[in-house]
Amino acid sequence: LANYAQLANSDFQKRIEGLATRFAEANTGSSVTIAFRGSAPKSYERIHTKEMRYGENTHETYAGRTVAAQVMDLVRCSITVNSPALACRLIDEVFSPLTLQKDRL
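Residues numbered from 1 in each chain as written. Predicted model: local features only at pLDDT ≥ 70, side-chain atom pairs only at ≥ 80, totals over all residues. Heavy atoms only, no water.

**Side note on the packing of helix H1 (residues 2-26) against helix H4 (residues 84-95)**
Here is step 1: For the pair H1 and H4, the least separation of the axes is 11 Å and the interaxial angle reads 115°. As for the relative orientation of H1 and H4, their crossing is right-handed in sense. For the pair H1 and H4, the contacting residues are Ile16, Leu19 and Phe23 in the first and Leu86, Arg89, Leu90, Glu93, Val94 and Phe95 in the second.
Here is step 2: Of the residues belonging to the contact of H1 with H4, the class tally is 7 nonpolar, no polar and 2 charged. (Axes fitted to C-alpha atoms, helices over the stretch in contact; angles between N-to-C directions. Helix = DSSP H or I, 4+ residues; strand = E, 2+ residues; numbered from the N terminus. Left-handed = near helix turned anticlockwise from the far one by under 90°. Contact = heavy atoms within 4.5 Å. Nonpolar A, V, L, I, M, F, W, Y, C, P; charged D, E, K, R; others polar.)

**Digging into H4**
Here is step 1: Across its 12 residues, H4 extends 15 Å between first and last C-alpha, which sits within 8% of the 16 Å expected from 1.5 Å per residue.
Here is step 2: Residues Leu86, Leu90 and Val94 constitute the buried set of H4. All buried residues of H4 lie within an arc of 45° about the axis, which places them on one face of the element. Away from the buried face of H4 by more than 90 degrees, exposed residues Pro84, Ala85 and Asp92 are located.
Here is step 3: Those residues of H4 hidden inside the fold are in contact with H1, strand S1 (34-38) and strand S2 (77-81). (Expected span 1.5 Å × (residues − 1). Buried < 20%, exposed > 50% of the residue type's maximum accessible area, 1.4 Å probe, protein only. Arc of directions from axis to C-beta.)

Spelled out as structure tokens, the structure:
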């Protein structure tokens, strides 16, 4: 998982930053403050530590084979806005309409 995260991280960061930038540019006339902060992908050690919270990783049971599936934030970033209303608009106008097929996210 950590290796896949390394491969996906750069493209993920660029795409999310692009969405945030387009939203900010579309709202330049208002008092919009938006900040994007990229983050490094989660390391193998951190994935393993978090995985242990959810149970023991083992080949003997289905639950044991799928423990790592509980760790979903391998690639991540943050977007900060200056008001709760703006955060709701960002979600409603930018992130909710996204689809895997169309947007590749």
